[in-house]
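Listed below, chain by chain, are the residues.
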Amino acid sequence: MKHIVILISGGGSNMLALLRAAQRDEWATRFGARVAAVIGNVPGALGLKRAAEAGVATAVVSHKAFADRESFDAALATEIDRHQPALVLLAGFMRILTPGFVARYEGRLLNIHPSLLPAFPGLNTHQRAIEAGCAAAGATVHRVTAELDHGPILGQAVVPVLSGDTADQLAARVLSQEHVLYPRVVADLLSKM
Ligand code: GRF
């Protein structure tokens, strides 16, 4: 069985979309794959509660308990490696990862970012897209490399920016498409593994 580990920091709606797709589309039967664990860096995050309710193993590695990025990433890797994952999916995981961590999971590490990369890496993507006058916005699933929000693009979803959109309205429109995009890209990868 190929194990998938999902890393989250917040509400975990992308994580839930992945869990639902895995069940609905029978990833276990079709791809021999299952979500083995959801790991968070924020104790008490809603997403961890939702994962536990869905019957998935959860763990917390709080970045606040560590003096630097290297020691946090080492502890996180120890927790991840317990599951021997074929894929590690960042889903709203709001930590910058060290080059050593990225190298350890090279070829197995994916992220979803709420912009049409290479436009708008980093934070506040929706506000920046509105201020730039973009007619379209969206989300990108990409392989993770040492440079933040870069790395080969595996899939994108595009939505319109409507006149008068607030950042929150645009974010909601993009997020609903993230929930379709991420499972689709992961299923496509699993079908080739
Ligand atoms: C998503 O917009 C994701 O692209 C970004 O953070 C948000 C996480 O939302 N990196 P959720 O925790 O999956 O609900």
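Above this text you will find the structure in question.
Note that this is a predicted model, so its numbers are computed, not measured.

A.B. asks: It is not clear to me how the overall build of the chain should be interpreted in this structure. Could you clarify?
C.D. replies: On a plain count of helices and strands, the chain comes out with seven helices and seven strands. Moving toward the C terminus, one meets the helices and strands of the chain in the order β-α-α-β-α-β-α-β-α-β-α-β-β-α. Against the globule reference of 16 Å for 193 residues, the chain gives a C-alpha radius of gyration of 16 Å, in line with a compact fold. For the C-alpha atoms alone, the extent of the chain along its principal axes is close to 50 × 40 × 30 Å. Residue burial in the chain is summarised as follows: out of 193 residues, 47% are buried. For the chain, the proportion of contacts with a sequence separation of at least 24, taken over those separated by at least 6, is 63%. Entry remark: accessible area of the chain is about 9,300 Å², with carbon and sulfur atoms responsible for 54%. For the chain, the distance from the average position of its 18 positive side-chain charges to the average position of its 16 negative side-chain charges is 5 Å.

A.B. asks: What should I look at first to understand the sheet that holds strand S1 (residues 2–8) in this one?
C.D. replies: Each strand in a sheet pairs with its neighbour through backbone hydrogen bonds, running either in the same direction (parallel) or in the opposite one (antiparallel). Reading across from one edge, S3-S2-S1-S4-S5-S6-S7 is the order of the seven strands in this open sheet, with mixed pairing throughout. Single-partner strands in this sheet number two, and they are strand S3 (57–60) and strand S7 (153–160). Ignoring which end each strand starts from, the neighbouring axes of this sheet average 20 degrees apart. Sheet topology note: the S1/strand S2 (residues 33–40) ladder contains seven bridges and is parallel. Looking at S2, one finds that Ile8 is bridged to Gly40. Along the sheet, helix H3 (residues 46–53) makes contact with S1, S2 and S3, crossing S3 at roughly 155 degrees.

A.B. asks: I would appreciate a short explanation of the nonpolar core in the present structure.
C.D. replies: Most often, soluble globular proteins keep nonpolar side chains buried together rather than apart. Among the nonpolar cores identified, the biggest contains 40 residues, and Ile4, Ile6, Trp27, Val38, Leu89, Tyr182 and Val186 are the most heavily contacted of them. Those residues in contact with Ile4, other than ones at most four positions away along the chain, are Trp27, Ala33, Arg34, Val35, Ala36, Ala37, Leu87, Leu89 and Leu190. Among the nonpolar cores identified, the runner-up in size contains 18 residues, and Ala77, Tyr105, Leu109 and Val144 belong to it.

A.B. asks: Even after reading the chapter, I still don't get the packing of aromatic side chains, so can you show me in this structure?
C.D. replies: The geometry of an aromatic ring pair is captured by the separation of the ring centres together with the interplanar angle, meaning the angle of the planes. Per the counting criterion, the structure on display carries two aromatic pairs. When the centroid spacing of 4.9 Å and the interplanar angle of 55 degrees are considered together, the rings of Phe101 and Tyr105 count as tilted. For the pair formed by Phe101 and Tyr105, the shared burial category is buried. In this structure, Arg95 is placed above the aromatic ring of Phe72, and the distance from its NZ or CZ to the ring centre is 5.7 Å.

A.B. asks: Just to check I follow, could you spell out helix H4 (residues 69–81) for this structure?
C.D. replies: Taking 1.5 Å as the rise per residue, H4 with 13 residues should run 18 Å; its terminal C-alpha atoms sit 18 Å apart, in good agreement. For H4, the complete set of buried residues consists of Phe72, Asp73, Leu76, Ala77, Glu79 and Ile80. Each buried residue of H4 lies within a common arc of 160 degrees when the element is viewed along its axis, so the set occupies one face. The exposed residues of H4 that point more than 90 degrees off its buried face are Glu70 and Thr78.

A.B. asks: I tried to follow the pairing of S1 on my own but got confused; where do I start?
C.D. replies: Side-chain positions along a regular strand alternate between the two faces of the sheet. Counted residue by residue, S1 has six buried out of seven residues, so it is predominantly covered. When S1 meets strand S4 (residues 85–90), the two strands line up parallel, connected through five bridges. By the bridge assignment, Ile6 is partnered in S4 with Leu89.

A.B. asks: Whenever I open this one, the pattern of salt bridges confuses me. Can you help?
C.D. replies: Pairing is possible between side chains that carry opposite charge, provided their charged atoms lie close to one another. Scanning the entire structure with this criterion turns up six salt bridges. With a closest N to O distance of 3.5 Å, Lys49 and Glu53 form a salt bridge. Note that Lys49 and Glu53 are positioned in helix H3 at a spacing of four residues, about one turn of the helix. The exposed category is assigned to Glu53, whose relative accessible area is 61%. Where Glu79 meets Arg82, a salt bridge forms, and the shortest distance between an N and an O atom there is 2.6 Å. On the accessibility criterion, Glu79 (17% relative accessible area) is buried. Overall, Arg82 belongs to the exposed group, its relative accessible area being 59%.

Thresholds applied
- Residues numbered from 1 in each chain as written.
- Predicted model: local features only at pLDDT ≥ 70, side-chain atom pairs only at ≥ 80, totals over all residues.
- Heavy atoms only, no water.
- Helix = DSSP H or I, 4+ residues; strand = E, 2+ residues; numbered from the N terminus.
- Rg over C-alpha atoms; globule rule 2.2 N^0.38 Å.
- Buried < 20%, exposed > 50% of the residue type's maximum accessible area, 1.4 Å probe, protein only.
- Contact = heavy atoms within 4.5 Å.
- Areas by Shrake-Rupley, 256 points an atom, 1.4 Å probe, with all protein chains shown as cover.
- Lys, Arg positive; Asp, Glu negative; His and termini not counted.
- Charge placed at Lys NZ, Arg CZ, Asp CG, Glu CD.
- Pairing = 2+ DSSP bridges.
- Axes fitted to C-alpha atoms, helices over the stretch in contact; angles between N-to-C directions.
- Core = buried A, V, L, I, M, F, W, Y, C linked by side-chain atoms within 4.5 Å.
- Phe/Tyr/Trp six-rings, centres within 6.5 Å; stacked < 30°, edge-to-face > 60°.
- Lys NZ or Arg CZ within 6 Å of the ring centre and 35° of its normal.
- Expected span 1.5 Å × (residues − 1).
- Arc of directions from axis to C-beta.
- Salt bridge = Lys/Arg side-chain N within 4 Å of Asp/Glu carboxyl O.

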